[in-house]
Amino acid sequence: MEILHISAECYPIAKVGGLADVVGALPKYQSNSTISSQVIMPLYNNKFTKENTFETVYETKLTIGGKVSIYRILTLKNKDIGFNIFFVDIPELLFNDFVYSNDDTDRFLAFQIAVLDWIMTLNEKPTIVHCHDHHTGLIPFMMTQCKKFKILRSIPTVLTIHNAQYQGWFSHNKVSLIPEFNIESVGVIDWDGSVNPLAAAIKCAWKVTTVSPSYMEELKLNANGLEHLLSHESAKCVGVLNGIDAEVWNPETDNYLVGNYSVSNVQSGRKMNKKWLCKEFNLDFEKPLFAFIGRLVGEKGADLLPEVFKYALEKEKISILLLGSGHDEVEEQLNDLIDAFSGSYNAFIGYDERLSHIIYGGADFLLMPSRVEPCGLNQMYALKYGSVPIVRSIGGLKDTIIDINEEEGFGICHDEVTVHEITNAMERGVALYQDQSKFRKIRKKMMGIDHSWNASALEYIDIYKSLKN
Ligand code: ADP
Ligand code: GLC
């Protein structure tokens, strides 16, 4: 069985968020003696591209809306990332130093058409085409409706929704960019007067998955306008919890860490990482260290963080470290707090993969006050590295974290995204930190939980098999 994952991101090549981590790990865990799982993504003009070498496996011309571009399909020549990876190189459209911009319609449409054009040329076509998020959402439509892709109709497609907030809407003026299809089918790509690639994929894919079971249920109630569609299509929808790549995310072997450790020397190992963080960011090592890592957007509750931090820092003897970037206003407010709380608060506004690993390995608590969290990988990394997650019970956070007040609990949960509830949860964290014997016991329990991809990769394989029969 040949699985082809189609995605805009893939770790370690191009990462904006968790989508990259998933697409960079799942194929490794799916591949075995009978299954080969591969990825195709755009070629970006980024650090990875500059540092590696590629080989052209196919080159042709692509005509979109009457405009002809040359495009190439490349493979990686000098490196083994654990699975086969292909790149679509369309110099004028895709080869940018960013993954996403404000106007991605033409870029990702060209990418999707190029992928299908290339599949058409393969002697051995994929057994399953697995699309990720709206950037690849028109693929199931084009495979079933476009005349030129007619022979791909019998290949089953799976759509995984990592985030239904973003749907890739564009105007009907651009419909002519899609290769010819029976115009009577235009309703399939339409949602409320715009072309909606995510809605089209939900309608056309053979199976739709979300990245946690709870998120699937939540989407039926609120999916940025698509809730009725998801309820209507519920027979083909299922939630499969993401996993983490245990080869990349393992405190015993993680090269980014200042000190490696396992459960048996967690105390001394984590101390080295926390010391480094406190020195680097001028924080007091003796106080409990709370951290936030992520995109500074409303979904993550980031707009409340400045007020939460101010309140908590005035009230409690704690340190706080933030790593993230996003809305300008939130970034500014978070930066403004640095001087006011020098010695107990700091922020790195930006993206830094290494720093994120050291934070999981050194911070005592990881905050995730998300309004929406389809799965969330941060809390699973935190568990594995022994940083107690403080989460809002929603989506994947609800599916992975049990509050310490419950039997077998190991994290701290709150129900609402308010300054009051978040700071209350942090206070509970301070109390837990003061009870060091309980704190250490919980940490050991967290580190023993297996969130690797093993189980979920099998769930996907069962889905693929069910579509083949
Ligand atoms: P999302 O995909 O919604 O952003 P996830 O929890 O699924 O959230 O995944 C976020 C991923 O991105 C994690 O690997 C996290 O460590 C990483 N990450 C987020 N922001 C940053 C940042 N500023 N610097 C480094 N890594 C980051
Ligand atoms: C999205 C979601 C996040 C999820 C990630 C990987 O970015 O926001 O919750 O963990 O995709 O599936």
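So, how was this worked out
- Residues numbered from 1 in each chain as written.
- Chains lettered and ligands numbered in written order.
- Predicted model: local features only at pLDDT ≥ 70, side-chain atom pairs only at ≥ 80, totals over all residues.
- Heavy atoms only, no water.
- Pairing = 2+ DSSP bridges.
- Helix = DSSP H or I, 4+ residues; strand = E, 2+ residues; numbered from the N terminus.
- Axes fitted to C-alpha atoms, helices over the stretch in contact; angles between N-to-C directions.
- Contact = heavy atoms within 4.5 Å.
- Near = heavy atom within 4 Å.
- Polar contact = N/O pair within 3.5 Å; in protein donor to acceptor, adjacent residues only side chain to side chain.
- Areas by Shrake-Rupley, 256 points an atom, 1.4 Å probe, with all protein chains shown as cover.
- Nonpolar A, V, L, I, M, F, W, Y, C, P; charged D, E, K, R; others polar.
- Domains from an automatic or database assignment.

Quick notes on the sheet that holds strand S11 (residues 237-239)
Right, so step 1: An order of S3-S4-S5-S2-S1-S6-S7-S10-S11 is seen for the 9 strands of this open sheet, with the pairing classed as mixed. Bordering the open sheet on either side are strand S3 (54-64) and S11, each of which pairs with just one other strand. Sheet twist, expressed as the mean angle between neighbouring strand axes with direction ignored, is 20 degrees.
Right, so step 2: With 10 bridges connecting them, S3 and strand S4 (residues 67-76) associate as antiparallel partners. The residue bridging Glu-59 from the neighbouring strand is Arg-72, located in S4.
Right, so step 3: Against the sheet, helix H3 (residues 105-121) touches strand S1 (2-6), strand S2 (36-42), S3, S4, strand S5 (85-89) and strand S6 (128-132), its axis set at about 115 degrees to S3.

Some details on the site of ligand 1
Right, so step 1: Around ligand 1 there are 20 residues in total, and Lys-15, Gly-18, Asp-21, Lys-300 and Tyr-360 lie nearest to it.
Right, so step 2: Contact distances for ligand 1 include 2.8 Å between an oxygen atom and a side-chain N or O atom of Lys-15.
Right, so step 3: At a separation of 3.0 Å, a nitrogen atom of ligand 1 approaches a polar backbone atom of Asp-352.
Right, so step 4: The fraction of the free accessible surface of ligand 1 (560 Å²) that becomes covered by protein chains is 92%.
Right, so step 5: Those elements that place two or more of their residues in the shell around ligand 1 are helix H1 (18-30), strand S12 (289-296), strand S13 (319-326), helix H12 (353-362) and helix H13 (378-385).
Right, so step 6: Of the residues contributing to the shell around ligand 1, the split by class is 6 nonpolar, 8 polar and 6 charged.
Right, so step 7: Two domains each provide a minimum of three residues to the shell around ligand 1, namely domain 1 (2-243 + 453-468) and domain 2 (263-447).

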